[in-house]
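Descriptive analysis of the structure
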Amino acid sequence: VNDDDCSLYLSMVVDPNDPIVFADGKTHNLTAADGGTKMYHVMNETTLRIHDSMTYILAPDVTISDSNSDIDEHHATITMDTNSRLFIAGSDIFVSGSNGTEAFPQGGTAVKVIDGSVAYIETVTNGQGNVNEIIISGGSAHGEGSVGGDALHFDGRQTKGSIMSGIYRGGNSTMGTPGNALRVSGSSEVSVVGGHFLGNIYIESGNVTIQQAVFGQSSEILVYPNGSVVFENSCFEFSPGEDEEVIYAKGYFVQDGILGDYQEIPSLSIGGGVVGKTDHPDCNTLLNGIDQPEDPDSLTDDLVTVDDDVLQPPTDDLMATDDALAPPSDDGSETVDDETDSALLEVIVFDDGKTHELAASNSGNSLYRVLNSSKLNIQESATYITAPDGASEPAIFVNNSQLLVLGNDIRITGAVGRADVAGQNGGAAIHATNGATVSLQNANSEGTAITVRGGAPSSGGVGGPALICEGEGTSGYIASGEFYGGIAASTSNYTGLSLLVRNMAEMTITGGNFYGDIEAFGSKIQLNGGLFDDDTTVLANGTGSIITFGNGCFDLERAEDDETKIYVKGYFVGTDGVAGTYQTITARQVDGGIVGKSD
């Protein structure tokens, strides 16, 4: 095929932002082969069914400017319009909204149901006893002040939804407003019988009933005028927060006569929205003998209205945490490994909520903790931070605070395992948790790169990770730099991870060099750039783990000898429209993890 043939073909390619339309009033079944970088618009009493496992639908990133487009800020991957019906019932199905770009910064909605349409969503077995959750995720926003996409949006009178199970994640926005897990407007009605909601439930106008659900750590239920939410057939008690206008629903959902896990769900009525409940008839019996924060006999069928706009929910541990990588205590106290001489450990704590600058003169063997909404900037060249040998803590620990590394010739290194302690693992260089934000970027391309390196282990140990991002609300951005997992001297292999993102944290990568495996565990990683060592594997580990290769031209090829292994072959494309280095990247998706692409 010559260049002229290519030009002719490309001139006929439909704009990827144009959706595939079904409007014939018939039933259409999407299979795994219908997945990929696409959008669907279903209308005129037409039915769309998605049952096939491994059906992954990822909307293309919007590349046209909003001034030349009729796409609004809530454009959707799947739009159900004018009395149509959507049935998603299967296992290992993934729908994601488009990610924002410089041209169009807002994240896209994954599924939008409007104008009298109906949606039914349920995770079911694949026939072999394996169940990987349906995951519906709003698109990530781009840039300051932008808004993440909603996972689900129901809008319009007679529009209805039934959510039986699945995971619903609002789109990330590191410098703006995250998207909602569920948005309800236009007097629509939604019944929630199950599912995990990682993001707010936002009720502008309409009714939501909840019989079963699990809510993320920072999820809120926001109810505006002409809206209502009712906890049905459950055992909840309403109590005010520190602000008398804030209400928490504390208690249990009930399924088949059995109490679920205890939850404290923050709900907020703004301007008269209704938050209510109906009790299970056997609450007193079910609660008998269970230690409750309040007397369970006080449960009543009250309807409560409150006004407020800020809630701080308690921790909701949906994902198991690897004890070997657990963060240090965040109370500012100093802790010392039993095998480490306490005289070697200097712990410097920033916990005053202010901004602190770290200079080259601060270089040395110290541990830094950034706590309580404080901010640490590292921008001066020749700033070298190294954790003391044998320390059990990361060189820099960031809890509910911000870390900005913007410069050249800056090195952050985790603790090296002590030679006299066999099997001691290397330490992490940077560990961010509990809503922290981390951003790393070289100041210019000519200078020496930022280097973040996990500590080397002692004999028999495992190298430390270069960077850990952990916990819902925690986010990271890597534009450049070099990231090395801890290397074992005996093998010269990177046994530590160059990046670990876990427990609902999110990471966006637009550049950088990575030496050592990258893992998402119950989290989301957006890869829009970067160079990966030949021995580096990108791993999506567990349900809720999503790794997307975006802003590139990639093919995903499954290995013939290993169904979990995928070869990602192709190029990232820079903001200048120029393709980068051709790469073959080894990826794995295990236990329900998902590896996808957005061209």
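In case you missed it, the structure is sitting above this.
Anyway, here's the lowdown on the structure attached to this text. (Residues numbered from 1 in each chain as written. Predicted model: local features only at pLDDT ≥ 70, side-chain atom pairs only at ≥ 80, totals over all residues. Heavy atoms only, no water.)

**Comments concerning the sheet that holds strand β17 (residues 196–198)**
Spatially, the six strands line up as an open sheet ordered β5-β8-β11-β14-β17-β20, and their pairing is parallel. What marks the edges here is a single partner per strand, and that holds for β5 (55–58) and β20 (214–215). In this structure, strand β8 (residues 93–96) lies alongside strand β11 (residues 135–137), joined through three bridges in parallel fashion. Its bridge partner being in β11, F94 is matched across the sheet by I135. (Pairing = 2+ DSSP bridges. Helix = DSSP H or I, 4+ residues; strand = E, 2+ residues; numbered from the N terminus.)

**Details of the side chain of T46**
Inspection of the secondary structure assignment puts T46 in the loop between β3 (40–42) and β4 (47–50). Judged by its relative accessible area of 1%, T46 falls in the buried class. Only 3.3 Å separates the side chain of T46 from the backbone nitrogen of D24, close enough to count as a polar contact. (Buried < 20%, exposed > 50% of the residue type's maximum accessible area, 1.4 Å probe, protein only. Polar contact = N/O pair within 3.5 Å; in protein donor to acceptor, adjacent residues only side chain to side chain.)

**Notes on the packing of aromatic side chains**
A complete count under the given rule lists 21 aromatic pairs for this structure. Here F236 and F253 contribute two aromatic rings whose centre-to-centre distance is 4.9 Å and whose plane-to-plane angle is 70 degrees, an arrangement assigned as edge-to-face. A residue pair is termed long-range when its members are at least 10 positions apart, and F236 in strand β22 (residues 227–240) and F253 in the loop between β23 (247–252) and β24 (254–255) qualify at 17 residues. Considered together, F236 and F253 belong to a single accessibility category, that of buried residues. Plain terms: the ring middles of F514 and F532 are 5.5 Å apart, the flat faces sit at 15 degrees to each other, and that makes the pair stacked. Here F532 lies in strand β50 (residues 531–532) and F514 lies in strand β47 (residues 513–515), a separation of 18 residues in the sequence. Aromatic ring contacts, followed pair by pair, group F483, F514, F532, F549, F554 and F572 into a single cluster. Its guanidinium or amino end placed over the ring of F87, R49 lies 4.7 Å from that ring's centre, counting from NZ or CZ. Across the ring face of Y384, the terminal group of R411 is positioned such that the distance to the ring centre comes to 4.2 Å. (Phe/Tyr/Trp six-rings, centres within 6.5 Å; stacked < 30°, edge-to-face > 60°. Lys NZ or Arg CZ within 6 Å of the ring centre and 35° of its normal.)

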